[in-house]
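The chain contents come next:
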Amino acid sequence: MHLDPFELHRPSSVEETMALVRELSGRFDYLAGGTDLLPNYKMHLNVKGHLVALDRVGELGGHSLDRLGAMARLADLERDSDLRREFPALSDALDSVATPLVRASGTVGGNLLVETRCFFFNQSYFWRASLGFCLKADGDRCHVVPQKERCYATFSGDLAPALLVSDAEVELAGPSGRRRVPLAELYDASGDGIRRLTLAPGELLVAVHLPRSARGRRGRYLKLRVRPSFDFPELGVAVAARWQDGRATELRLAVGGAETFPRRFDELTGPLEGSALDDAELRALGEAVARAVRPVHNTFLLPDYRRRMVSVYVRRALAEARPPGAGA
Amino acid sequence: MSLSPRPDAELKVRGQAGFGMDLEAPGMLWGALVLSPVAHGRIRSVDLSAARALPGVTAVGASDVGVLMGGLRGDAERPPFPTEEVVHAYQPLAAVAAPSLARAREAARAVRLTIDTLTSVTEIESVFPDWPGAEGARSSHVLAHVLARRGEVEEAFADAELVVRETYRTPGVHQVALEPHACLAEVADGRWSVRTTTQTPFGIREDAASILGLAEKELLVEGMWVGGGFGGKNSALIEPYALLLAKASGRPVRLALTYREEFLLGRTTLPMVVRLDTGVRNGRIVARRVRLLLDGGASLPGRDFAAGYSIGFLLGPYATESFEVEGYAVRTNRPPFGAHRAPLAPQCAFALESHMEEVARRIGADPVEFRLAHLWSEGSTTSFGQKVGPFGLPAALRAAQRRAAAWRAERVPGHGIGIGVGFWSTSVGAGGEARVRLTPTELVLQQGEREIGSGSVLVGLSAVVERRTGLPRERIRVDYQDTSTAPFDSGVFGSRTVGALGTAVLRAIEALLSEVARRLGTEGEVRLVVEAGEIHVRSETGSKPVRELLRPSDRSAGGLVAEGRHYPPSGKIDASLVVDGSFYAYHDFAGAAHVAEVSVDPETGTVRLERYAAFHDVGRVVDWPSARAQVEGGVVMGIGSALTEEAIWSGDGRLVNASLLDYRIPTLGEVPPIDVEFLEGFEGAGPFGAKGLGEPPIIPVPAAVASAVREATGAHLTELPLSAERVARALKRGRTSPSPDGSRDR
Ligand SMILES: Cc1cc2nc3c(=O)[nH]c(=O)nc-3n(C[C@H](O)[C@H](O)[C@H](O)COP(=O)(O)OP(=O)(O)OC[C@H]3O[C@@H](n4cnc5c(N)ncnc54)[C@H](O)[C@@H]3O)c2cc1C
Ligand code: SF4
């Protein structure tokens, strides 16, 4: 497979980028590490004529305990022991993305904005053309849920759930200025699955902000996949909590890899604030989360199995994140 | 034992070994294939006009073949392009070439296809939900039928104290050679030539010439470095199209598959359903019935490919007093069946070995002792009446049994240890010839076959020469030639390179040494040695430089040339047992017993290989590092077949997981430490008693893993792969034996 020709732009500041955005009005994609975008381009998935590379926009680089630049490479974060210690769920998630080679190029921004996946979508042009294109690219129907006019492709980024349980916020820059919103609001839960982000046209992810209050929580990210490396998540469960006297507070739980967007389950974890998270509670919570998620049959593992694994993974993630001796 | 790096290692690491992707020629065009979007359909039209309107594009379709070839002289049963009916998914319908790859792909997309879709058949069990029955052999869906019988089977079953009936299912698996198919064709001055990445240059010559209607001597095939074959590069796949495009354009044409196309179009093994009935009495098997339904894809009817061969592996290396075996290869709208490292043998061994274990358990016998009680040994007779030659499998199984016992003594909860047995016969009858040339400074092996990665050509054949002549390997060089000058050989497949071609090489060396001895005037044994930088011939009487032994008449050949041939005889089976179709005699008797230790996550069903041991009868090890690498590679490949690999086809004949991301071969994370042991001394037919080793290492793996999973969990799984989902489902059901009706589990 090969790439069609495109024009490459390399702005060196956010302002320059916004000037390009106005000029190219919608006929472009941002290029970060390219590990997600370029394979999709090779399959002629929603190809644009222009790419705006972000590697020279200095403001987007670098990372600290407070802030992860959108262009920070996953491999760099992976090597930061302070970050790993303060945000253990993120640490797990970083290790689980793709392979070391992909992580050397892949970025934080690209990972949060990674294209959703479906086995009717991640196929060559020929394959898709021979079946009939689907809603998500070039077509007008869904092969997974034909009755509905929406897309159920699966959000398959590993970092999002871990950052959700770290109460992360994202800083965005658009033609009409900057804003900062909770990470959860980056994903459009009311969209049709094609529109699945709340980004305004041309809006750029500048950085992820990690609140001090989230540092040092005990946490875990567990990922379901067929092989222990390489594979995208078929389910990803992130948990975090602070523990005092055998009680959990600031309990957070987020699930990715199961639906069109990653989500937090505050309505289910809220009632458990201050509890000891004993085995029975974990089991009940796992089952409640499993009832709430709705995977469809568009990835390798069957939805029924993925759903059953939700309860197992929720329970295990929390059990593993408990301090020694807790949960009794 | 030498542990020096492989002679091709540096070339490959430096990127200096040219592979298919590196093929280039001045003025070359890039080719692309137009594949059928449907698995089955009536062709209304293949309109090439829009493609041809693009600048620099050459396009060929069915109607051009006769014109280009000066008449339709090729094999009528397999024209390059179909004219009326598309019979399998991704069948090529046209080919295009253009000055750039992008333009070629654009041209391929511009070809307008009008095809009326017909109902396609993609599941063998939808054709014959039960069993073909009396009329079966005459069904238009049957490509091949085999039937053989020994003894009074019905009576033996009636006499049995217990009859165990089971059904096993296995999916299609892909070879996943690192390198996709690629070739470069040229047609100039009436000479057709193609450089291609193949396991068999002569096979490609025969195949492509027959498809196009050329005489074999009109076509020249040159092999090149091959990035793995595993059976996928055994026959012409893209070469005829590249040749047609080169003819039509008058330019060299390079045609290469993308990896996705490799999955879609490549020939590989397909699913099968196996029914096994075993009757036992007094702890012994008294009757067996084997029934095989094999997906043959769109293979040609009557051309026998696998049913008869596979079915032998379903009887396995176990003595059976009376049996009936029957198999059908069923036509479906998938691409034609192709080879995959020991085609179907791992799947057959999975079924047979799991079944043997089940039978043993039901009668309260130890599964290994039960096998040993029925296992052939040297001098015993096979199910088809062949005398068994030197055979190390019983010793390998004993060794595996000891290893399993040692591991079991350390076993922790959640782990299981299993044993799998795999039988194989190497050098499947294909022959070859060899030519060697001795110069004052080197010994050259002239060779059409290329090194395909296993080391069998570059290391294996050199090791044979080294061992026989005494010459160090750095003085032995392989000189690759094309089919116009190389000695004929069948190809690098069937575990035959060292065994069969190696024998031809050995004979050439014998001829060379006796000529040298004659010139030296000695009757005794001679060796080749290096002294003062020159090759000398040494005998009891002293030594002499080769330089002084060469005659003026040797000069034109560049040295002293000698040839050897080997067309192995095949054994004989008792033909009176065969009712229909062909069954095969074995050439020699090789095999392995493997031990797997797994841990199984009881909730997720995830199976993890913890450690692995492989005990192999190879007759004689010719090159230890290569032999070991073969076993390790085979085990890794077998782990894929056991746990994660499965070609997934949709109901309308589409391959869903046609990518390296979705078709899951093992990564290093899944590969356990692998301990390899060879049992030597059970002499095979190859040089110094060697038996082949390319295929045997993959055979016992799924069986060993399944047996270990069973020990760890109690789940008796009858379908591959043993995916986490499938294991979890079995555990959830608490199922410890297959559903009595043999119904499907997915
Ligand atoms: C073999 C393979 C395996 C993989 N496995 C995994 C896996 O296990 N888990 C996982 O999470 N991912 C996986 N990926 C996907 C991908 O590699 C990672 O998600 C990676 O982090 C993406 O980052 P990137 O910088 O390469 O993104 P890119 O490909 O550059 O971009 C991805 C998308 O985000 C947009 N984008 C990027 N940065 C910005 C920004 N700052 N502002 C606005 N838009 C932006 C791009 O326009 C594009 O649409 C895998 C990829 C491959 C090839
Ligand atoms: S879920 Fe439906 S619309 Fe979305 S990518 Fe898959 S087939 Fe297309």
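Residues numbered from 1 in each chain as written. Chains lettered and ligands numbered in written order. Predicted model: local features only at pLDDT ≥ 70, side-chain atom pairs only at ≥ 80, totals over all residues. Heavy atoms only, no water.

1. Details of the domain arrangement of chain B
It is common to report an interface's size as the accessible area lost on association of the parts.
Residue and element names in this part refer to chain B.
Working step 1: Per the domain assignment, the segments of chain B are domain 1 (9-119 + 175-265), domain 2 (272-380 + 388-427 + 575-736) and domain 3 (432-566).
Working step 2: The C-alpha centroid of domain 2 is placed 35 Å from the C-alpha centroid of domain 1.
Working step 3: The partner domain 2 presents 22 residues to the 21 residues of domain 1 that form the contact.
Working step 4: Among the residues domain 1 hides against domain 2, the three largest losses belong to Glu77, Phe230 and Phe263. Together they make up 29% of the total.
Working step 5: Between domain 1 and domain 2 we count five residue pairs in polar contact (both at pLDDT 80 or more) in total. (Domains from an automatic or database assignment. Contact = heavy atoms within 4.5 Å. Buried area = accessible area lost by both parts, 1.4 Å probe. Polar contact = N/O pair within 3.5 Å; in protein donor to acceptor, adjacent residues only side chain to side chain.)

2. Observations concerning the site of ligand 1
Working step 1: Looking at ligand 1, there are 32 residues lining it, with Tyr30, Gly33, Gly34, Thr35 and Thr107 of chain A nearest.
Working step 2: More than one chain approaches ligand 1, the contributing ones being chains A and B.
Working step 3: Note that an oxygen atom of ligand 1 is positioned 2.8 Å from one of the backbone N or O atoms of Asp36 of chain A.
Working step 4: Starting from 970 Å² of accessible surface for ligand 1 in isolation, the protein chains cover 92%.
Working step 5: Here the shell around ligand 1 gets three residues from one element, more than from any other, and that element is helix α7 (residues 108-112) of chain A. (Near = heavy atom within 4 Å. Areas by Shrake-Rupley, 256 points an atom, 1.4 Å probe, with all protein chains shown as cover. Helix = DSSP H or I, 4+ residues; strand = E, 2+ residues; numbered from the N terminus.)

3. Let's talk about helix α7 (residues 201-212) of chain B
An α-helix turns once every 3.6 residues. As a result, residues three or four positions apart point the same way.
Residue and element names in this part refer to chain B.
Working step 1: A rise of 1.5 Å per residue sets the reference length of α7, with its twelve residues, at 16 Å; its end C-alpha atoms lie 16 Å apart and thus fit the reference within 8%.
Working step 2: Most of α7 is tucked away: ten of the twelve residues are buried.
Working step 3: Taken as a whole, α7 has its buried residues at Pro201, Phe202, Gly203, Ile204, Arg205, Asp207, Ala208, Ala209, Ile211 and Leu212.
Working step 4: On the buried face of α7, the contacting elements are α3 (62-69), β10 (191-196), β11 (219-222) and α8 (239-249).
Working step 5: Remark: Gly213 follows α7 within two positions and exhibits a positive phi of approximately 80 degrees. (Expected span 1.5 Å × (residues − 1). Buried < 20%, exposed > 50% of the residue type's maximum accessible area, 1.4 Å probe, protein only.)

4. Let's talk about the site of ligand 2
Working step 1: Around ligand 2, the neighbouring residues are Cys118, Phe120, Phe121, Cys134, Leu135, Lys136, Cys142, His143, Val144, Cys151, Tyr152 and Ala153 of chain A.
Working step 2: The residue makeup of the shell around ligand 2, split by class, is ten nonpolar, one polar and one charged. (Nonpolar A, V, L, I, M, F, W, Y, C, P; charged D, E, K, R; others polar.)

5. Observations concerning the sheet that holds strand β5 (residues 169-174) of chain A
Residue and element names in this part refer to chain A.
Working step 1: The strand order across the open sheet built from four strands is β4-β7-β5-β6, with neighbouring strands paired in antiparallel fashion. Where the open sheet ends on each side, the last strands, each with one partner, are β4 (67-69) and β6 (177-182). Pairs of neighbouring strands in the sheet enclose a mean axial angle of 25 degrees, with direction left out of account.
Working step 2: By the bridge criterion, three bridges tie β4 to strand β7 (residues 204-209) in an arrangement that is antiparallel. Across the sheet, residue Arg67 finds its bridge partner in β7, namely His209. (Pairing = 2+ DSSP bridges. Axes fitted to C-alpha atoms, helices over the stretch in contact; angles between N-to-C directions.)

6. Some points on the environment of Arg547 of chain B
Residue and element names in this part refer to chain B.
Working step 1: Inspection of the secondary structure puts Arg547 in helix α16 (residues 546-549).
Working step 2: Arg547 gets classed as partly exposed once you look at its relative accessible area, which sits at 47%.
Working step 3: Measuring from C-alpha to C-alpha, the distance between Arg547 and Pro336 comes to 54 Å, with 211 residues separating the pair along the chain.
Working step 4: When neighbours within four sequence positions are excluded, Arg547 is seen to be in contact with Pro440 and Glu534.
Working step 5: A polar side-chain atom of Arg547 sits 2.8 Å from a polar atom in the side chain of Glu534.

7. Describing unusual backbone geometry
Working step 1: Residue Pro721 of chain B is reached from Leu720 of chain B by a cis peptide bond, and omega for that bond is -10 degrees.
Working step 2: Along the polypeptide, Pro721 of chain B turns up in the loop between α18 (701-713) and α19 (724-733).
Working step 3: Even without glycine at this site, Ala98 of chain A takes up a positive phi of about 40 degrees.
Working step 4: Residue classification places Ala98 of chain A among the buried positions, given a relative accessible area of 18%.
Working step 5: Look at Ala342 of chain B: it is not a glycine, yet its phi comes out positive at around 55 degrees.
Working step 6: Note that Ala342 of chain B resides in the loop between β15 (322-331) and α11 (345-362).
Working step 7: A relative accessible area of 0% means that Ala342 of chain B is categorised as buried.

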